[in-house]
Amino acid sequence: FEVQPIEHYANSFNTLQRYVHYSQSIPSSDMHIIKSGNYIIKVFVEGKPDDVIFTRRMYVVEDKTNI
């Protein structure tokens, strides 16, 4: 249950619709996933964990065998 701020973002330019492109690598130097399993990534407004912007499901598997 790590909270990791998104530090990599870029504002739009020369577009009709203004937007911000966010990116985050997992694992990063500050966040490591230790166990295989199902995870939910939850993005929320800074300091307001109840104000969820979106969620995404993901799963992690370990490379234990060769096929």
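The structure under discussion appears in the preceding block.
Residues numbered from 1 in each chain as written. Predicted model: local features only at pLDDT ≥ 70, side-chain atom pairs only at ≥ 80, totals over all residues. Heavy atoms only, no water.

Engineer: Before we move on, can you summarise the overall build of the protein with the specific residues and values?
Structural biologist: The helix and strand inventory of the protein stands at zero helices and four strands. Start at the N end of the protein and walk to the C end: the helices and strands fall as β-β-β-β. Overall, the protein is about 50 × 30 × 20 Å in size when its C-alpha atoms are taken along their principal axes. In the protein, of all internal contacts separated by at least 6 residues, the share reaching a separation of at least 24 is 19%. When the accessible surface of the protein is split by element, carbon and sulfur atoms take 53% of a total near 6,900 Å². (Helix = DSSP H or I, 4+ residues; strand = E, 2+ residues; numbered from the N terminus. Contact = heavy atoms within 4.5 Å. Areas by Shrake-Rupley, 256 points an atom, 1.4 Å probe, with all protein chains shown as cover.)

Engineer: Could you give me a rundown of the packing of aromatic side chains, with the residues and numbers involved?
Structural biologist: Inspection of the entire model under this criterion finds one aromatic pair. For the pair Tyr9 and Tyr22, a centre-to-centre distance of 6.1 Å together with 45° between the ring planes defines the contact as tilted. Placement of Tyr9 in strand β1 (residues 8-11) and of Tyr22 in strand β2 (residues 20-23) is noted, with a sequence separation of 13 residues between them. With respect to class, Tyr9 is no different from Tyr22; both count as exposed. (Phe/Tyr/Trp six-rings, centres within 6.5 Å; stacked < 30°, edge-to-face > 60°. Buried < 20%, exposed > 50% of the residue type's maximum accessible area, 1.4 Å probe, protein only.)

Engineer: Account for unusual backbone geometry, with residues named and values stated.
Structural biologist: Although it is not a glycine, Asn14 adopts a positive phi angle of roughly 55°. By the secondary structure assignment, Asn14 is in the loop between β1 and β2.

Engineer: Can you explain the side chain of Ser12? Please cite residues and give values.
Structural biologist: Among the structural elements, Ser12 can be located in the loop between β1 and β2. Every residue in contact with Ser12, bar those within four places of it in the chain, is listed here: Gln17, Arg18 and Tyr19.

Engineer: Please give an account of a nonpolar patch on the surface that cites residues and values.
Structural biologist: Nonpolar side chains collect at one region of the surface, where Ile6, Tyr9, Val20 and Tyr22 lie side by side and expose about 390 Å² of accessible area between them. The class for Tyr9 is exposed, based on a relative accessible area of 52%. (Patch = residues over 30% accessible without salt bridge, like charges linked within 9 Å, V, L, I, M, F, W, Y side chains within 5 Å. Salt bridge = Lys/Arg side-chain N within 4 Å of Asp/Glu carboxyl O.)

Engineer: Would you mind going over the environment of His21 in detail, with residue names and values included?
Structural biologist: By secondary structure assignment, the location of His21 is in strand β2. The sequence separation of His21 and Asn11 amounts to ten residues, and the corresponding C-alpha distance is 6.4 Å. The residues contacting His21, other than those within four sequence positions of it, are His8, Tyr9 and Ala10.

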